[in-house]
Amino acid sequence: MREITYRDALNEAIAEEMERDPRVFIIGEEVGYYQGAYKVTRGLIERFGPQRVIDAPIAEEGFAALGVGAAMTGLRPIVEFMTWNFSFIAFDAIVNSAAKMYQMSGGQLKVPIVFRGPNASARQVASQHSHAVDPFYTNVPGLYVVYPSTPRDAKGLLKAAIRDDNPVVFLEGETLYNQKGPVPDPSEDEVIPFGQARIAREGKDLTIVVWGRPYATVMELANELEKEGIFCTVIDPRTLRPLDHATIVESVKRTNRCIVVHEHWPYGGPGAEIVDRIQKEAFDYLDAPVIRVTNLDVPMPYALNLENEVIVNKARIRRAVDAVLYRK
């Protein structure tokens, strides 16, 4: 086990899978000679050459569709969006082609493709560059949606995504790239399966479900609450589609209280899906309503002080904890 960054964990996963399988290639804006906008593809063009690390023009619809076609013919493309905000231009390739081709061909055509890149807000990049796209893509049958919160999960889940025969939307927290954490040595070839949530810590008083950027905030708050005599179970779903409902529901049955924390708007999305599943399968176990803590329901402002108010933060999470525990 070594301590490496989220960025380096992704880089290792791509390099190892390209080494393992000659069908794997990566395409996107500045992934080659510039080494990637966030340096995730650093060193790959020197190692694998420009035919497998392909610099694409600023044309997301074009290179995403090219990737879908390549996957249909037996290759295993990784399509990098410089940011998931730009994937809206490629919505047709992702939603109308990649997600539906297996069903529309009667199972004759598989689409083993990974769409990946930074997701959600960064720092002062304003409303058009701050979308958390989880709700859009989790709504689409035929897509897997993966959202790792730690370097170890980033590497293990990306390796699983590249090997999978289905189209995968792989979301990387835009502010997580410098985060460090323990990651197994490459010789271990750890591949983390989809649909298995990770219980990051266990406690008897409250279940907190969280993914992406807010995960670190929740873990910090859970440590503070423990000193106050409140013991939280923290669950990171890892994959939002498929979603490990069973682990979440079983935890709520033990703790009798739940909050769901995520960095996108409150209306709809996987957070609402989790709450719906809890109220259907664990209603009789609840001692308080389930609360969601989200970004505020407004486009992201540019001003830093306003951005800090809009993004889900520790103060709002703590207020939700107090509410479900009837502390105040």
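Here the structure is a predicted model, which means the values were calculated and not measured.

Asker: Could you clarify how one ought to interpret the overall build of the chain in this entry?
Answerer: Counting secondary structure elements, the chain contains twelve helices and 14 strands. Computed over C-alpha atoms, the radius of gyration of the chain comes to 20 Å, within 12% of the 20 Å expected from 2.2 N^0.38 for 328 residues, which places it in the range of a compact globule. In terms of overall dimensions, the chain has C-alpha extents of about 60 × 45 × 40 Å along its principal axes. By residue count, 56% of the 328 residues in the chain fall in the buried class. The long-range fraction of contacts in the chain, counting pairs at least 24 apart against all pairs at least 6 apart in sequence, stands at 81%. Summing over all exposed atoms, the chain offers an accessible surface of approximately 13,600 Å²; the carbon and sulfur share of this is 53%.

Asker: How do you make sense of the layout of surface pockets when you look at a structure like this?
Answerer: To locate leftover empty space, one rolls a probe as large as a water molecule over the atoms. The volume enclosed by the largest pocket comes to roughly 150 Å³. Lining the largest pocket we find A98, A99, K100, Y102, Q103, V111, V140, P141, G142, N166 and P167. Classifying every residue of the lining of the largest pocket by side-chain character gives seven nonpolar, three polar and one charged.

Asker: What is the right way to look at the environment of F25 in this model?
Answerer: Summarising the element assignment, F25 is placed in strand β2 (residues 24–28). For the pair F25 and P77, spaced 52 residues apart in the sequence, the C-alpha separation amounts to 5.1 Å.

Asker: Help me understand a nonpolar patch on the surface, please; the structure alone is not making it clear to me.
Answerer: A contiguous nonpolar surface patch, about 330 Å² in accessible area, is contributed by F88, F91, F136 and W265. Along the polypeptide, F136 turns up in helix α6 (residues 134–138).

Asker: Would you mind showing me how to read the sheet that holds β2 here?
Answerer: In any sheet, the strands associate via hydrogen bonds between backbone groups, in a parallel or an antiparallel arrangement. Taken in spatial order, the seven strands make up an open sheet running β3-β2-β4-β5-β7-β6-β12, and their pairing is mixed. Every interior strand has two partners, whereas the edge strands, β3 (53–55) and β12 (239–241), have only one. With direction set aside, neighbouring strand axes in the sheet form an average angle of 20°. Here helix α7 (residues 151–163) sits on the sheet in contact with β2, β4 (76–80), β5 (114–119), β6 (144–146), β7 (168–173) and β12, set at roughly 160° to β7.

Asker: I keep staring at the sheet that holds strand β9 (residues 198–201) and nothing clicks. Help me out?
Answerer: Here we have five strands laid out as an open sheet, ordered β9-β11-β10-β13-β14, and mixed in their pairing. A single partner strand is all that each edge strand has here, and the edge strands are β9 and β14 (291–293). The mean angle between the axes of side-by-side strands here comes to 25°, regardless of whether they run parallel or antiparallel. Relative to strand β11 (residues 232–236), strand β10 (residues 206–210) runs parallel, the two being bridged by four bridges. Across the sheet, residue I208 finds its bridge partner in β11, namely V234.

Asker: How should I be thinking about the nonpolar core in this particular structure?
Answerer: Generally speaking, nonpolar side chains in soluble globular proteins are found buried as a group. Ranked by internal contacts, the top residues of the largest apolar core, which has 48 residues, are F81, W84, I94, F115, Y137 and I278. For this core, the secondary-structure elements that each account for two or more residues are β2, α3 (60–72), α4 (91–98), β7, α9 (245–255), β13 (258–261) and α10 (270–281). A per-element tally of this core places α3 first, with five residues. Here F115 is in contact with A64, V68, V79, F81, W84, I94, A98, V168, V169 and F170, once residues within four sequence places are set aside. Core analysis: the next-biggest nonpolar cluster, separate from the first, contains 29 residues, Y6, L44, L158 and I162 among them.

Asker: How should I be thinking about the packing of aromatic side chains in this particular structure?
Answerer: What characterises a pair of aromatic rings is the spacing of the ring centres plus the angle enclosed by the ring planes. Tallying each qualifying case throughout the model produces nine aromatic pairs. Both rings, one in Y144 and one in F194, keep their centres 5.3 Å apart while their planes meet at 90°; by these two values the pair is edge-to-face. With Y144 in strand β6 and F194 in the loop between β8 (180–183) and β9, this pair connects stretches of sequence that are 50 residues apart. Classification of Y144 as partly exposed rests on a relative accessible area of 27%. We classify F194 as buried; its relative accessible area is 16%. Ring pairing ties together the aromatic residues F63, F81, W84, F91, F115 and Y137, which thus form one cluster.

Asker: Quick question: what am I supposed to make of the packing of helix α1 (residues 6–20) against α7 here?
Answerer: Helices that pack against each other are described as a pair by the angle of their axes relative to one another and the distance between those axes. With their axes 8 Å apart at the nearest point, α1 and α7 run at an angle of 30° to one another. Classified by the angle their axes make, α1 and α7 are roughly parallel. Regarding α1 and α7, the two cross each other, and that crossing is right-handed. Residue-level inspection shows Y6, A9, L10, E12, A13, I14, E16, E17 and R20 of α1 in contact with α7, the latter providing P151, A154, K155, L158, K159, I162 and R163. Grouping the constituent residues of the contact of α1 with α7 by class yields nine nonpolar, no polar and seven charged.

Here is what the cut-offs are and how they apply
- Residues numbered from 1 in each chain as written.
- Predicted model: local features only at pLDDT ≥ 70, side-chain atom pairs only at ≥ 80, totals over all residues.
- Heavy atoms only, no water.
- Helix = DSSP H or I, 4+ residues; strand = E, 2+ residues; numbered from the N terminus.
- Rg over C-alpha atoms; globule rule 2.2 N^0.38 Å.
- Buried < 20%, exposed > 50% of the residue type's maximum accessible area, 1.4 Å probe, protein only.
- Contact = heavy atoms within 4.5 Å.
- Areas by Shrake-Rupley, 256 points an atom, 1.4 Å probe, with all protein chains shown as cover.
- 1 Å grid on protein atoms, 1.4 Å probe; cavity = no way out; pocket = protein on both sides within 12 Å on 5 of 7 lines; lining within 4 Å.
- Points joined across faces, edges and corners; volume = space filled by probe spheres on them.
- Nonpolar A, V, L, I, M, F, W, Y, C, P; charged D, E, K, R; others polar.
- Patch = residues over 30% accessible without salt bridge, like charges linked within 9 Å, V, L, I, M, F, W, Y side chains within 5 Å.
- Salt bridge = Lys/Arg side-chain N within 4 Å of Asp/Glu carboxyl O.
- Pairing = 2+ DSSP bridges.
- Axes fitted to C-alpha atoms, helices over the stretch in contact; angles between N-to-C directions.
- Core = buried A, V, L, I, M, F, W, Y, C linked by side-chain atoms within 4.5 Å.
- Phe/Tyr/Trp six-rings, centres within 6.5 Å; stacked < 30°, edge-to-face > 60°.
- Parallel < 35°, antiparallel > 145°, perpendicular 65-115°, else oblique.
- Left-handed = near helix turned anticlockwise from the far one by under 90°.

Coordinates in, geometry out; function isn't part of it.
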